[in-house]
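Analysis of the macromolecular model
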Amino acid sequence: MPEDSISFRMTNKQNCFMCFQPKVEEFGAAHGLPMKVIFHLTLCLDELVTNIISYGYADFDEHPIDVTINYVDEVISIRIEDDSEPFNIFEAPEPELDVPLEERKRPIGGMGIHLVKNMVDEIDYKREDGKNILLLKKNICEKCCSTDG
Amino acid sequence: MIESKENGITVLAVDGNLDAEGTQAMEVKVLALLEAGETSLLFDFSGLDYINSSGLRVLVLAYQRLKKASGKVAICGVKDYIQEVFEVSGYDKIFPLFTTRGDAVSGM
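On a predicted model such as this, the values are computed, not experimentally measured, just so you know.

**Here's the deal with the nonpolar core**
Counting 63 residues, the largest nonpolar core has A:Cys44, A:Leu45, A:Leu48, A:Ile78, B:Phe43 and B:Phe45 as its most contacted members. With 10 residues, the top contributor of residues to this core is helix α2 (residues 35–55) of chain A. Each residue touching A:Leu45, except ones within four places of it in the same chain, is listed here: A:Phe20, A:Val24, A:Val67 and A:Ile78.

**Considerations on helix α1 (residues 20–35) of chain B**
Residue and element names in this part refer to chain B. For α1, spanning 16 residues, the distance from its first C-alpha to its last is 22 Å, which sits close to the expected 22 Å at 1.5 Å a residue. Its buried side turned inward, α1 meets β3 (16–18) and α2 (53–68). Positioned one or two residues after α1, glycine 37 has a phi angle of 90°, which is positive.

**Concerning unusual backbone geometry**
Phi angles above zero are rare outside glycine, and A:Glu74 is one such case at about 60°. The topology assignment puts A:Glu74 in the loop between β2 (64–72) and β3 (75–82). For A:Glu74, a count of 12 C-beta atoms within 10 Å puts it in the exposed group. With a phi angle near 55°, B:Ser70 is a residue other than glycine that sits in the positive phi range. Summarising the element assignment, B:Ser70 is placed in the loop between α2 and β6 (72–76). A residue is classified by how many C-beta atoms lie within 10 Å of it, and B:Ser70, with 7 of them, is exposed.

Rules and cut-offs
Residues numbered from 1 in each chain as written. Chains lettered and ligands numbered in written order. Predicted model: local features only at pLDDT ≥ 70, side-chain atom pairs only at ≥ 80, totals over all residues. Core = buried A, V, L, I, M, F, W, Y, C linked by C-beta atoms within 7 Å. Buried ≥ 20, exposed ≤ 12 C-beta atoms within 10 Å, placed from the backbone. Helix = DSSP H or I, 4+ residues; strand = E, 2+ residues; numbered from the N terminus. Contact = placed C-beta atoms within 7 Å. Expected span 1.5 Å × (residues − 1).

Structure (C-alpha cells):
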C-alpha cells in the first residue's frame, strides 16, 4: 500500500515548483489519481507557495514552508504552514471577471487565488503562533475519476 | 519552445511546463516577437502539460498589446484539464481556442 500521507519542507529560497511537483506527481501516481486531479493539486500548491514567497516576507531571510498531503476516504487534504505575514485567503480580492479585460484595474490580480478556490471543495485558514495554516480539501469523486483528463 | 511561420501567423509551440521558469522564457520570447512587429500569434499548447496564473498573464499581455495593434492572438491544442483553467479564469471568452493547429491557422 502506498503511504496515505506525505510531508515535506521547502524554503522561500528554493525553486519550490521543482521541489513539490515531482512529489505530488509521485503521490498521485501511487494512488492512481487522474491527471486532472494531480494538475489541480500542483496548481494549488504552485499558486499558494508563489504567493507566500512573492508577498509574504518583510525580510530577506530563509523561511520554511511545510506541506503535508493526505489521502483518506476519497478526500485529499493539503496543509500549508508558513511563518510569512498574515494572509487570509478569504480576504484576498477576487479578480474582476465580469469587467472586460481592457477595463480591469488589475488585469490578472487575484487570478491565482481564484483558480485555487475553484480547484478545491473546502478551504480553512487560521493564524496560530505567528503562522499561517491553510488547509485545502478536495473530494475525489467518481465523476472526476471517470474522466480521462 | 519552437517558433514557426504559417500563413503569416507566428506559431509558438510550447511544450512541458509553464512554471515560473518556463513562463519567464515564454515572456521573453513573446516580448521579442511583439517588439519585432509580429501581429498574429498562435500558441500551440498541444505539448503543454502545465500552466499557472503567471502563464495566463503572459497570454493576456500578448492579447492587450496585439489588440492595440489590430493584431490577433489565439491558442490551439490545449489538454482538457488546461482548458478548464481558461474556463475558470474567463479567458476562454477572450482567446479563440482551436482544437488543432490547422483549424487555428485557417480560422484566425
